[in-house]
Amino acid sequence: MQQTAIKLQKEDERDKRKNALQDKNAEKAEEELITLIKERGVQLSSLNDEHNSDGGQPNDSILKSVETHHPSGAKVHLDDSGHLNWPVMFVYPEYRQMDFIQAFNEKSRFVDHIELMFGTPGQVPWDTEQKYSVERLQVYFEDRKTEQIYKVDKEETLGKTLKHKRYAVYNGTPSFILLVEGSNYEKYFLTNQKLVT
């Protein structure tokens, strides 16, 4: 009986060491990912908003800055080609709708995703007027600190846009506003925002 208890205790200690090693390896991988993101010129909101007290080592709040709060659990990751793939949110304020893209490759253009989503008329049930089309959509992002809106060339890649000096990724998920160019709603939306050209 005593041998069984000793055996169980050793197995428990082994499992704890194994779990601790897995946690340490996962944390190291996330730290390497954050370093890579910074090297690519992408600003994470917590890296800009919070300061580390331990000489620049990532802390828990910084590691959480690459975690999305979407139920899918999708988060930024490297693919086999060494490209970052981001979970991305497209927001359509006119209809109070949004789309969540689980893996938007940094080398992909906005128009590539827009074509998939709006390339076929009637594909989007909430767009009853069918005015959301590839040709008519305009992409914007918001600088949350200055509350300014910036126009994005939809032919640009995600990676290039994320490097914009005023762009910061919040909650591990880049988000973009899509509006129908020239529409009454776009005019209304932009009159209530500070558009930077």
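Just above, that's the structure.
Report on the accompanying structure. As the structure is a computational prediction, the values presented were derived from the model and not from experiment.

## Some details on the overall build of the protein
Here comes step 1: Of the regular secondary structure elements, the protein holds six helices and seven strands.
Here comes step 2: Within the protein, the proportion of its 197 residues that are buried is 39%.
Here comes step 3: Here the contacts in the protein between residues at least 6 apart in sequence split such that 58% fall between residues at least 24 apart.
Here comes step 4: A total accessible area of about 12100 Å² is found for the protein, and carbon and sulfur atoms account for 47% of it.

## As for the nonpolar core
Across soluble globular proteins, nonpolar side chains show a tendency to be buried alongside one another.
Here comes step 1: Ranked by size, the top nonpolar core spans 35 residues in total, and within it Trp86, Phe90, Phe110, Ile114, Phe118 and Phe176 carry the most contacts.
Here comes step 2: At the level of secondary structure, the elements contributing two or more residues to this core comprise helix H1 (2-39), strand E2 (84-92), strand E3 (97-105), helix H4 (110-118), strand E4 (137-143), strand E5 (148-152), helix H5 (158-162) and strand E6 (175-180).

## Considering H4
Here comes step 1: For H4, every residue scored as buried is listed here: Phe110, Val111, His113, Ile114, Met117 and Phe118. On an axial view of H4, the arc spanned by its buried residues comes to 160°, and they lie on one face.
Here comes step 2: Residues of H4 that are buried in the fold lie against E2, E3, E4, E5, H5 and E6.

## Re the pairing of E5
Here comes step 1: Taken together, the five bridges between E4 and E5 define a ladder with antiparallel strand orientation. Within E5, the residue paired with Phe141 across the bridge is Tyr150.
Here comes step 2: The pairing of E5 with strand E7 (residues 194-196) spans three bridges and is parallel. From the neighbouring strand, Ile149 faces E7, where its bridge partner is Leu195.

## Section: the environment of Phe104
Here comes step 1: Structurally, Phe104 is set in strand E3.
Here comes step 2: In this structure, the C-alpha to C-alpha distance between Phe104 and Gly159, residues 55 residues apart in sequence, is 9.7 Å.
Here comes step 3: In contact with Phe104, other than residues within four places in its own chain, are Leu84, Asn85, Trp86, Val88, Phe90, Arg109, Phe110, His113 and Leu158.

## Some words on the packing of aromatic side chains
Here comes step 1: Counted under the stated rule, the structure contains 17 aromatic pairs.
Here comes step 2: Summarising the aromatic geometry, the rings of Tyr92 and Phe118 are spaced 5.7 Å apart at their centres and angled 75° between planes, so their arrangement reads as edge-to-face. Note that Tyr92 is positioned in strand E2 and Phe118 in helix H4, a separation of 26 residues in sequence.
Here comes step 3: With relative accessibility at 0%, the residue Tyr92 sits in the buried group.
Here comes step 4: Overall, Phe118 belongs to the buried group, its relative accessible area being 5%.
Here comes step 5: Measuring from ring centre to ring centre gives 6.3 Å for Phe118 and Trp126, while their planes differ by 75°; the resulting arrangement is edge-to-face.
Here comes step 6: Residue Trp126 is classed as buried on the basis of its relative accessible area of 17%.
Here comes step 7: In textbook terms, an aromatic cluster arises when at least three aromatic residues are bridged by ring pairs, as seen for Phe90, Phe104, Phe110, Phe141, Tyr150, Tyr167 and Phe176.

What counts and how
Residues numbered from 1 in each chain as written. Predicted model: local features only at pLDDT ≥ 70, side-chain atom pairs only at ≥ 80, totals over all residues. Heavy atoms only, no water. Helix = DSSP H or I, 4+ residues; strand = E, 2+ residues; numbered from the N terminus. Buried < 20%, exposed > 50% of the residue type's maximum accessible area, 1.4 Å probe, protein only. Contact = heavy atoms within 4.5 Å. Areas by Shrake-Rupley, 256 points an atom, 1.4 Å probe, with all protein chains shown as cover. Core = buried A, V, L, I, M, F, W, Y, C linked by side-chain atoms within 4.5 Å. Arc of directions from axis to C-beta. Pairing = 2+ DSSP bridges. Phe/Tyr/Trp six-rings, centres within 6.5 Å; stacked < 30°, edge-to-face > 60°.

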